[in-house]
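Listed below are the residues making up each chain.
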Amino acid sequence: MLSKISDDTALMLGGLGCAGWAASSLAKPGFANKILYGSEGDGPMTAMTNYFGCGMGLNAANAIMMARDSGCPTKTKKDVLKASGTAWLVAAGVGAYHTNKGNIKKEAGWANAAACAGLGALLLAKGRCSKVEL
């Protein structure tokens, strides 16, 4: 199954995940905050959500451009898949921790942690495996 997903497709999925976070954090930070934290937040919280969106937008652009670059070496793509997968898995852990502590609303937090873990596992597996069937 894993071999049916190309490295470029996996990079594009990671980039689209980042783009989704970027769009919600930049366009409607209060809405994003309300979903995760239960309130739209104040000025500093909105600012941090916007900065988060900028970072996720940068990650999205890098992953999507790399996925579309046929001249990019395979080793580089594999390394980026490993790094991106690790980052998504860390995000899953951080999200689960804060959901468990009550800092993130449970209904959104657990779903978000699961989605981050799933994407992270896919990206990390694609980065670590060549033509292995999982």
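Up top is the structure these notes are about.
The numbering scheme is per chain: residues are counted from 1 as the chain's sequence reads. Two thresholds apply to this predicted model, a pLDDT of at least 70 for residue-level local features and 80 or more for giving and counting side-chain atom pairs, whereas whole-chain, interface and lining totals are computed over all residues. Calculated side-chain values reflect all of the structure's heavy atoms, with hydrogen atoms and water omitted.

As a further point, take the environment of Tyr51. As for its position among the elements, Tyr51 is in helix α3 (residues 43–68). In this structure the C-alpha to C-alpha distance between Tyr51 and Ala22, which are 29 residues apart in sequence, comes to 9.2 Å. Think of it this way: any DSSP run of H or I at least four residues long counts as a helix, any run of E at least two long counts as a strand, and we number them from the N terminus.

All right, on to the packing of helix α4 (residues 74–101) against helix α5 (residues 106–128) then. Running from N to C, α4 and α5 cross one another at 160 degrees; their axes reach a closest spacing of 7 Å. Judged by the inter-axis angle, α4 sits roughly antiparallel to α5. Our pair here, α4 against α5, has a crossing hand that is left-handed. Side-chain classes are defined by residue name, with Ala, Val, Leu, Ile, Met, Phe, Trp, Tyr, Cys and Pro counting as nonpolar, Asp, Glu, Lys and Arg as charged, and the others, Gly among them, as polar. Here the residues of the contact of α4 with α5 sort into 14 nonpolar, nine polar and five charged. Axis definition: a line fitted to C-alpha atoms, over the contacting stretch in the case of helices. Angles run 0 to 180 degrees between N-to-C directions. An angle below 35 degrees is treated as roughly parallel, one above 145 as roughly antiparallel, one from 65 to 115 as roughly perpendicular, and anything else as oblique. Less than a right angle of anticlockwise turn of the near helix away from the far helix marks a crossing as left-handed, whereas a clockwise turn marks it as right-handed.

This part takes up the environment of Gly41. Along the chain, Gly41 turns up in the loop between α2 (29–37) and α3. Judged by its relative accessible area of 37%, Gly41 falls in the partly exposed class. In this structure the C-alpha to C-alpha distance between Gly41 and Asn62, which are 21 residues apart in sequence, comes to 30 Å. Residue exposure (1.4 Å probe, protein chains only): buried if accessible area is under 20% of the type maximum, exposed if over 50%, otherwise partly exposed.

Here a cavity means grid points, on a 1 Å grid over the protein atoms only, where a 1.4 Å probe fits yet cannot get out; a pocket means an open set of points with protein on both sides within 12 Å along at least five of seven lines; lining residues are those with an atom within 4 Å of a point. Grid points are joined across faces, edges and corners, and a volume is the space filled by probe spheres set on the points. By volume, the largest pocket amounts to about 750 Å³. Along the walls of the largest pocket sit 32 residues, with Trp21, Phe52, Met56, Trp88 and Ala91 positioned nearest its centre. Secondary-structure elements contributing two or more residues to the lining of the largest pocket are α1 (7–27), α2, α3, α4 and α5. Residue composition of the lining of the largest pocket, grouped by class: 21 nonpolar, 11 polar and no charged. The volume enclosed by the second largest pocket comes to roughly 200 Å³. Around the second largest pocket sit 14 residues that line it, and Gly20, Trp21, Ser24, Leu36 and Asn112 are the ones nearest its centre. It is α5 that contributes the most residues to the lining of the second largest pocket, five residues altogether. Its residues placed into classes, the lining of the second largest pocket shows 10 nonpolar, four polar and no charged.

What follows is about the nonpolar core. Counting residues in hydrophobic clusters, the biggest one holds 24 residues, and the most contacted among them are Met56, Trp88 and Leu123. Of all the secondary-structure elements, those providing two or more residues to this core are α1, α3, α4 and α5. Here this core gets six residues from one element, more than from any other, and that element is α5. Non-local contacts of Met56, meaning those with residues more than four positions away in its chain, are made with Cys18, Trp21, Ala22 and Trp88. Side-chain atoms within 4.5 Å are what join buried Ala, Val, Leu, Ile, Met, Phe, Trp, Tyr and Cys residues into a set we call a nonpolar core. Whether two residues are in contact is decided by their heavy atoms, any of which lying within 4.5 Å being enough.

Let's shift gears to the side chain of Asn33. Looking at the secondary structure, you find Asn33 in helix α2. Owing to a relative accessible area of 2%, Asn33 belongs among the buried residues under this scheme. Beyond its immediate sequence surroundings of up to four residues, Asn33 is in contact with Gly38, Ser39, Glu40, Met45, Thr46 and Thr49.

For the rest of this paragraph, the subject is the packing of α3 against α4. α4 packs onto α3 with a crossing angle of 150 degrees between their chain directions and a minimal axis gap of 11 Å. Considering their axes alone, α3 and α4 lie roughly antiparallel with respect to each other. Taken as a pair, α3 and α4 cross one another with a handedness that is left-handed. Of the residues in α4, those touching α3 at Met56, Met66 and Ala67 are Thr76, Lys77, Val80 and Trp88.

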